[in-house]
Each structure stands twice: as C-alpha cells, then as structure tokens.
Amino acid sequence: MVLAQYLKRAVAWLAPPPKQSEDGRDQWPSRAAFLLAAMGGCAGQGNLIRYPSVVYNNYGLQWFIPYFLAIFFVAIPALILEISIGQAYRGGTVIAFNNINRRLKGVGIGPILVSFIVTQYFTVNLAWIMNYFRNSFRSPLPWEGRIEEFYMGDVIHNVDPVGGELSTDGKHVLSYTEYPGVRLLGETVGWSAFIWFLIWVSIFRGVGLTGRVVYWTMGLPIVTTIIFVGRSLSLENASEGVKLLWATWRGGQLASGTVWQTAVGQVFFSTGIGFGYFTSYASYNAKHSNAVMDALLICGSNVLFENFAAFAVFGVVGYLHRWPEDGVRLGAFVVGFLTLPEAVLHMPGSNFWAILLFFTLVVLGFSSAFVMLDAVATLVVDSGLKVSRPIIVTVLTLISFLMCLPYCTEFGFYLLDGIDRWINNICLIFVVWSEVVSASTVYRWQDVVDQTGLPAFITYNFAYFGGQVIGVSVAHGTENPGIGAGAGFGVYVVFSILSALLAKTPIQPAPSFWGRNSLLSRFWYLAAYSGNQIRRDLNAIIGGEKNWKIPSVWPVLLRYVCAPVLAIIFSFAYPEFHTLRYDPLMITGFILAHILLLIILLGLVMPRYYDVFIPPNRIDEGGRLRADLANDRIIPGGSDDGKCDNCASAPRQSGHEVAPIFLVEHLAPTYETCL
C-alpha cells in the first residue's frame, strides 16, 4: 500500500495533470513551456541539416536579403495568425477556422492532415539516425572509408530500383520505375517503435507533462549544438569556411529568381507554419497572453538557432576543403549523413563527437515529431469524444506506428521521398495559402456585401484570385516570369477598378484616408475590410493593455504579400511532377497530396460533414463571440490607439457615444460611428 502511494506520487510528479484556465481548458504550466514547445516544433533537423545545405548552395551575404525579407513579410504574419486564432478561439485549427467562418472547417482540417502524414515518415528518418547513434559506440566508426556506402547500404538498406524513363522529348513514359525489394527491415521497425514510444510518453497526459519534456528536448540540443559549433570552429582552416558565407558578397545572385524562391521555401519550411501545432498549442495559453510577442520570439529564436548552427557546418566545410562548385548543388542529406559524419572521423575522440552529433539530431527531430502528433490529438480531444486523452493518444500512436511500416521496407527511402516531396510542395503550401487568404477574405464577408453589393464583391474577388491564377499560368506558359507578373497584375487592376465602379456607395464611409470619397470607400471595403476586421476583433481579445497588438499592416501582408508568394511557389510543383511521372512512388505522393486538397475544399461546399470535429455547443461559437464583442461595447471599427476612425479625435471613450449602423445575421453590429 505504501509502495503504491509512493509510486502514485512519483507518477504525479513526472506526469502532472495540466492546470486549468478560467474556461476549463487545459493550460500550460508556464509561458516558457509554451514557447519551448513551439520552438521545438520549428527548431528541428532542418536547422542543422537543411539550412546549411541551402546556404551552401547560395553562399554569400546576399543570401540574407531575400532570407530576412521572407522572414518579415511571409513567416511572421502567418505565424501571428496561427497563434492568435488558437489563443483567442480556445481550440485547435478546426475550431479556430470554424469561428472565422463555418465553411472554413476544411481549411482547419488541412494542417492536421499534413501533420498526421508527415509525422509517420518523420519517425522513420529518426530511426535511421538512431542506427547511426548505435554505431557511434563502435570503434573504429563503421562508416570510415565508406561513408556513402554505409548510409545507403547499412542504414537505409534499400534494394536499388530499376529506373524508368521518359521519351527524349519528354512527352511519353517509356517505362516505369520498378522496386523489387518489399520486405520489412527489422532494425528500422524496432527503432521506429522506440521513437513512437517516446512520443507517446511525451504527450499522453497533455500539456502538463509536455511542458516538462520540452525543457529537455530544447535545452539539451542547444547545449550540444553550442559544443559542436565550438569544436567545429576550432578545426584547422575552419575560418575559411565561415568566410564563405559571412564574408563573401555575390550581388549578381540577387538577379536570379532561384535564390529568392529558395529563401522563401527555406523560411516557410523551417518555421513550421501550416502543421497546426502552433494553433493547437496556443489554445492552451491564457486567453489574454501576449500572442504577438510570442510569435516574434518563436520566429526569432528559429532564425537565431539555424544561423548559429550553420557555423558548425561551415567550420567543417573549411576543414574538409569542400568548396561549392558551379552547377553542383548539395542535397540536404549530404550535410546530415555524409559531410558531418566524415568530419567527426577527423576529430580526436571521434566516437564522442559522433555520439554528440546524432544525439543532437535525434532529439531535435523528436521534438518536432511529438508536436505534430499532439496537434492531431488536440483535434480529437476538442471534438468532445467521450474518451480520456491517454486513450486517444495511445490509439493515435498505434495507428501512426502501423502506418509508418511501409517506410520501414526495402523501398521505404524512395516512398518517403515521393510522399514528402508532394506533401510539402503541394499540400503544405496550399494549406498555408488557404489560411492567410480565408482569414483576410472570408471573415465577416457578408458585411462587405451589405455595404458594396454582391456583384462588386464577386468581381473584386475574381480580380484577386484570377490575377494569381492567370499570372502564374502565363508565367509558366511563356516561361517568362516578367510577362506572367504583368498579366496577373493587369487582371487585378482592371477588375478591381470595375468592382469599385459596380459597387454601391457604402452606408458608412471607410476610415481615415479611404473615406475621402465614395470610390475610395468602396475599394477599401472590397480590398481591406475583412482583414482589418479580424485584426481588430483579435486585438480585442489578445491585445490587452500591456500586450503587443497586431499591427495595421498585418492583414495587408497576409492577403497581398503572403498569398501571391505562396501561389507562385505552389505552381512550381506541377512542372516538376511532369518530369518525374515515370516513378510510381512519385505518382503515389502526388495523388495523396491532391486527396488532401480535395478534403480541404470539400469543407467549403459541405461544411456540416466536419461538424463531428466540433462539440455541438461550439459550432456557432464564432457568431456568439462577435455578439459578445458588441455587447461589451468594443468598437470593431475603432482605432487601436483609442481614436475614433470617423472623426479622428480622442479619447474615444469620453464624449463619443456609438450606435450600430447595420447588423449581420442578427448577431452583432459590424460597424459603429460617432453620434
């Protein structure tokens, strides 16, 4: 009996139940726990493996120009959106986007599907690293003198495929690739099971336990990375490798579209937006936490970590004299599994450094893996299913383990490449595009229709979406990006002007500059109202007195910078697939990505089918929240600085009575004005 009590206390200390917020939702034990968990999701293997490969291929200080522009104009706005809606709407992605508009449940399910698919093969990649970790205890290191052979033969252990090919003109498939190896690989299965067990242990009790785990999964890699960077920089000739990136200027590279596309892609993938875990984890914050500051801290820490970790790789590059060659691009796996393992062979005490390297890689990857499955668990828990969280996590873990087995076969490496390529290049890009577009276009769209008329609303959105589609299509068809950009922008300008001419004069003029005449007011409602309104409504919840508020430029960046950039990146996937259509596993990944896209779009047409993921009492929560904002006399149309938008005087709170101009679905006044 006494032993049982001590055991119970030990379990309660190691895996404490989470705290409860005022609304009864589980809550992080501290703000630091949330930040570390979120940082662990984005600060993964990509920081130590993929990022150095990308900058190696685009070496020089000029790299940081498109890189930082992508950080500020793409990554940060999207991250603010994901964190803010999770915290304000107290739920995962499905609940959050349902509160924006009931037809956006499919947009909310998209990130969960991406996380669920990616985490299954991500654990297999960790199993390969565990194979290296096990072999790091052998002396001499078994990959000495056979680095590539060890990776492909001993670790991956896949049977070579029989290659397919296209005709000379690329119009026909002459033969399809064949994969003769099909059996399961025992060690890969075993290490995968071990990783899944660790994932289960980390999340089965909720954020109370996860809040403790993240101190280790983030703290240890930071320490080991610092040690590895110090050792790499101490190598002979390491400074020459460092100068390659931080003391070289190749301004001519900025004229190439490749470096811009690569920078946006790297920032997009390394930040981790589009996987749903930022929204899920933010929902466990206190409702009035400083969401904007958190988003900047998470993104900033990711940038700092990956650029600091790059010193380790470039020190090794200088030591090995592995200089970039024109026309030769270094793949991501080369750094992680070839260059760094080769470097530790030349270090005194090579076994120690090998153990440290692969321990760091596996912990970094593990922290990303469990946050992705946790996003799926949050969806199921939030649905109101009458099953405890430990059972839900256990079932999800077992299902995920079974679904990862195809990647543990003698063709698993090639299957992983096929699935990963198209889930990332098609599905993930589309998921984030749909997030930023829907938040800045669909939110309270009926307000816009009531003010400007339905024909104008349809015409303007044809200009917006049609400009992106036509611009991208013309660019690929003519193989001239400049012509495509001109065509897309021209369509947008022409139909935007037409929509403003078709629109009726708004009952309430637009704020500040846009209210100077009728035409400007019409354009403002069509182009900016939805994004501006969601910003103000979110600020009413997360933008307390001491909190940072979402800036007024945020909805503009979402709709007119993030979305077009993502549309351009999305378009590159289809010409790429055309050159790989002879590979059955590439076809499999391509089809799977489009099935996920179909599931997302189905929510627009038949949103009721996704109501199963939302408790009945929360299905209409978005409307009630807007009504509560109105009842609390929060002025959605007012400025965040306390000034009235209509007369530009302050303070708004004294001498400025307000009256509703019109109602939307009898829920809330959508705009208010001074009497």
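The preceding data block contains the structure.
Within any chain, residue numbers begin from 1 and follow the written order of that chain's sequence. Local features in a predicted model are, by the rule used here, given only for residues with pLDDT of at least 70; side-chain atom pairs are given and counted only at 80 or more, and totals for whole chains, interfaces and linings are based on all residues. Excluding hydrogens and water, the side-chain values take into account all heavy atoms of the structure.

1. Let's talk about the packing of helix α6 (residues 105–135) against helix α16 (residues 389–404)
In a packed pair of helices, the relevant descriptors are the angle between the two axes and the axis-to-axis distance. Where helices are involved, their axes are fitted lines through C-alpha atoms of the stretch in contact, as for all axes, and angles between N-to-C directions lie from 0 to 180°. Labels follow the DSSP assignment, with helices taken as runs of H or I lasting at least four residues and strands as runs of E lasting at least two, numbered in each case from the N terminus. At their nearest, the axes of α6 and α16 sit 9 Å apart, and the two run at 65° to each other. For the pair α6 and α16, the sense of crossing is right-handed. Of the residues in α16, those in contact with F116, Q120, T123 and V124 of α6 are I399, S400, M403 and C404. Throughout, the ten residues Ala, Val, Leu, Ile, Met, Phe, Trp, Tyr, Cys and Pro are labelled nonpolar, Asp, Glu, Lys and Arg are labelled charged, and all others, Gly among them, are labelled polar. Its residues assigned to classes, the contact of α6 with α16 comprises five nonpolar, three polar and no charged. If you view the pair so one helix is near and one far, a crossing is left-handed when the near helix is turned anticlockwise from the far one by less than a right angle, and right-handed when it is turned clockwise. Note on contacts: a residue pair qualifies if any of its non-hydrogen atoms lie within 4.5 Å across the two residues.

2. Quick word on the environment of F150
Assignment of secondary structure puts F150 in helix α7 (residues 147–156). Looking at F150, the relative accessible area reads 1%, which means it is buried. F150 has contacts with Y132, N135, P142, W143 and V155, leaving out every residue within four places of it along the chain. When a residue's accessible area, from a 1.4 Å probe over protein chains only, is under 20% of the maximum for its type it is buried; when over 50% it is exposed; and in between it is partly exposed.

3. Here's the deal with the side chain of S400
Mapped onto the elements, S400 comes out in helix α16. Apart from the residues within four sequence positions on either side, S400 is in contact with F116, Q120, W196 and L373.

4. Side note on the side chain of N461
On the secondary structure map, N461 appears in helix α19 (residues 454–478). Exposure remark for N461: the relative accessible area of 10% places this residue in the buried category. Once you skip the residues sitting within four places of it in the chain, N461 turns out to touch T441, G466 and R559.

5. Re the packing of aromatic side chains
For Phe, Tyr and Trp, where Trp contributes only its six-membered ring, two rings pair if their centres lie within 6.5 Å, and the inter-plane angle classes them as stacked under 30 degrees, edge-to-face over 60, or tilted in between. Counted by the stated rule, this structure contains 52 aromatic pairs. Judged by centre distance (4.7 Å) and plane angle (15°), the rings of W200 and F204 are stacked. With a relative accessible area of 26%, W200 lands in the partly exposed category. The cationic tip of R559 hangs over the ring face of Y464; the distance from NZ or CZ to the ring centre is 4.7 Å. By the criterion adopted, a ring carries a charge over it if an Arg CZ or a Lys NZ lies within 6 Å of its centre and within 35 degrees of its normal. In this structure, R608 packs its charged tip against the face of Y609, placed 4.9 Å from the ring centre.

6. With respect to the pattern of salt bridges
Whenever Lys or Arg places a side-chain nitrogen within 4 Å of a carboxyl oxygen from Asp or Glu, that contact is recorded as a salt bridge. For the structure on display, the rule yields 14 salt bridges. A salt bridge links R444 to D447; the shortest N-O distance between them is 3.3 Å. Here R444 falls in the buried class, since its relative accessible area comes to 7%. The exposure class assigned to D447 is buried, which follows from its relative accessible area of 0%. As a salt-bridge pair, E621 and R618 come within 2.9 Å of each other at their nearest N and O atoms.

7. A closer look at helix α13 (residues 291–320)
A helix is expected to span 1.5 Å multiplied by its residue count minus one. Taking 1.5 Å per residue, 30 residues should reach 44 Å; α13 reaches 44 Å between its end C-alpha atoms and fits that length. H321, located one to two residues past α13, shows a positive phi value of around 55°.

8. As for helix α24 (residues 584–605)
Each turn of an α-helix holds 3.6 residues, which means side chains three or four residues apart point in the same direction. Over its 22 residues, α24 runs 31 Å from end to end, which matches the ideal 32 Å to within 8%, given 1.5 Å per residue. Along α24, the residues that are buried comprise L585, M586, G589, F590, A593, L596, L597, I600 and G603. Mapping the buried residues of α24 onto a view down its axis gives an arc of 150°, with all of them on the same face. Seen from the open side of α24, the exposed residues pointing more than 90 degrees away from its buried face are L598 and V605. Buried residues along α24 sit in contact with α6, α17 (412–441), α22 (554–571) and α23 (573–578). Sitting at the head of α24, D583 places a side-chain oxygen 3.0 Å from the backbone nitrogen of L585. Directions from the helix axis toward the C-beta atoms define the arc. For this analysis, a polar contact is any N or O atom pair within 3.5 Å, provided that within protein one partner can donate a hydrogen and the other can accept it, and provided that sequence-adjacent residues contribute only side-chain to side-chain pairs.

In short, geometric facts, not functional conclusions.
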